[in-house]
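Here is how the chains run, residue by residue.
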Amino acid sequence: MTSFTASRRKLLTRAAAFGAVSLLPGCDFDDPSHPDLADDFLRLMSGWNNEVQAALFNPNTLAPTFQASQITRPPRFNAFYDIAQAPRVDEAAWQLELAGQIGDRRAWRIDQLRTLPQESQITRFVCVEGWRTIGQWSGVPLRHFLRAVSADTRARYVAFRCADGYFTSIDMESALHPQTILALDFLGAPLTAPFGAPLRLRIPTKLGFKNPKSIVAMEVTNKWTGGYWENQGYNWFSGS
Ligand SMILES: Nc1nc2c(c(=O)[nH]1)N[C@H]1C(S)=C(S)[C@@H](COP(=O)(O)O)O[C@H]1N2
Ligand SMILES: [Mo]
């Protein structure tokens, strides 16, 4: 690396860090006389950060993996509602709907997803609220699934919609990352209702809110669709 790129990279890293800090809940950007100003500013910063983070993102860098003995028990639940309100998806009736730039948009059942190559990983889950857990998730690497349905991997985003109305989207490079999986199992058993049954995204290179649970639809698109928390100011890329 030339010193020019090295210093440029350092500058970008600092810029990214500044942006991340400015998005921490509790930072007071609110000016009551200009209610939209803070919002616009955050969106501007966040958009700029997406570019910076994507530039720094190395698709070959793996998130750390852990030993079985390090798994957090019991796992920790989080959603925009209480655990008792978690959706109960009827797995027999469930289908993964496909939309957008995908060659074969037929819906998938769980038993069909289980015929694809599966991978297992013990990785750390990091929530923006400040807690982290370690768990073991297994399922279909998203890049294999995208290939299986002839998705156009030149599209910019993969967007997800969930049974509870939650939604999020990720950049295609992160979607193709080897550790990004459509998880079916947790600790070797099918996902349970509050933890994303029957299918969730597990993407250990990104923060918790980029890991949608109980997915019902997936879209490959160039259209910006944002996300539930992202649209309220959390940085959209939120990854490494
Ligand atoms: N469908 C759905 N997925 C979701 C959420 C949600 O509210 N609904 N919350 C997100 C957030 S903020 C976190 S931290 C993780 C929590 O996942 P866990 O319950 O398996 O720990 O799920 C993410 N995916
Ligand atoms: Mo989270």
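Computed from a prediction, not measured in an experiment: that's the story for all the values here.

Student: Please clarify how the site of ligand 1 should be interpreted in this entry.
Tutor: Inspection of the region around ligand 1 gives 19 residues, with Arg76, Asp164, Arg200, Asn211 and Lys213 positioned closest. Between a nitrogen atom of ligand 1 and a side-chain N or O atom of Asp164, the distance comes to 2.8 Å. Between ligand 1 and the protein, one listed contact pairs an oxygen atom with a side-chain N or O atom of Lys213 at 2.6 Å. About the coverage of ligand 1: the protein hides 97% of its 530 Å² of free accessible area. Its residues assigned to classes, the shell around ligand 1 comprises 12 nonpolar, 3 polar and 4 charged.

Student: Teacher, can you tell me more about the pairing of strand S6 (residues 181-186) here?
Tutor: Successive side chains on a regular strand alternate, one facing one side of the sheet and the next facing the other. Judged by how many residues are buried, S6 sits mostly within the fold: 6 of 6 residues are covered. Across 5 bridges, strand S3 (residues 132-141) lies against S6 in antiparallel orientation. Looking across to S6, one finds that Val140 is bridged to Leu182. When S6 meets strand S8 (residues 200-202), the two strands line up antiparallel, connected through 3 bridges. Note on S8: the bridge partner recorded for Ile181 is Arg202. With 2 bridges connecting them, S6 and strand S7 (residues 189-190) associate as antiparallel partners. The partner of Asp185 across the bridge, within S7, is Pro190. The turn linking S6 back onto S7 is made up of 2 residues, and Leu187 within it adopts a positive phi angle of 50 degrees.

Student: Before we go on, may I ask you to explain the nonpolar core in this structure?
Tutor: One recurring pattern in soluble globular proteins is that nonpolar side chains are buried together. Core analysis: the biggest nonpolar cluster contains 30 residues, and Leu142, Phe145 and Met218 have the highest contact counts within it. Elements that contribute at least two residues to this core include exactly helix H3 (110-113), helix H4 (142-148), strand S4 (157-162), helix H5 (172-175), S6 and strand S9 (215-221). If you tally residues by element for this core, the top one is S9, at 5 residues. Those residues within four positions of Leu142 in sequence are excluded, and the remaining contacts are Phe160, Ile170, Ala175, Thr180, Ile181, Leu182, Leu201 and Met218. Within the second largest apolar cluster, 9 residues are counted, among which are Phe125, Trp137, Ile181 and Phe186.

Student: Which parts of the structure should I look at to understand the pattern of salt bridges?
Tutor: Oppositely charged side chains may form a pair once their charged atoms are brought near each other. Counted according to the given criterion, the structure contains 8 salt bridges. Residue Arg114 pairs with Asp185 through a salt bridge whose shortest N-O separation is 2.9 Å. One end of the pair, Arg114, is in the loop between H3 and strand S2 (119-126); the other, Asp185, is in strand S6, with 71 residues separating them in the sequence. Assessed through its relative accessible area of 11%, Asp185 is described here as buried. The partner of Asp171 in a salt bridge is Lys206, with the nearest N and O atoms 3.0 Å apart. Of the two residues, Asp171 sits in strand S5 (residues 167-171) while Lys206 sits in the loop between S8 and S9, which places them 35 residues apart along the sequence. Lys206 carries the same exposure label as Asp171, and that label is buried.

Parameters at a glance
Residues numbered from 1 in each chain as written. Chains lettered and ligands numbered in written order. Predicted model: local features only at pLDDT ≥ 70, side-chain atom pairs only at ≥ 80, totals over all residues. Heavy atoms only, no water. Near = heavy atom within 4 Å. Polar contact = N/O pair within 3.5 Å; in protein donor to acceptor, adjacent residues only side chain to side chain. Areas by Shrake-Rupley, 256 points an atom, 1.4 Å probe, with all protein chains shown as cover. Nonpolar A, V, L, I, M, F, W, Y, C, P; charged D, E, K, R; others polar. Buried < 20%, exposed > 50% of the residue type's maximum accessible area, 1.4 Å probe, protein only. Helix = DSSP H or I, 4+ residues; strand = E, 2+ residues; numbered from the N terminus. Pairing = 2+ DSSP bridges. Core = buried A, V, L, I, M, F, W, Y, C linked by side-chain atoms within 4.5 Å. Contact = heavy atoms within 4.5 Å. Salt bridge = Lys/Arg side-chain N within 4 Å of Asp/Glu carboxyl O.

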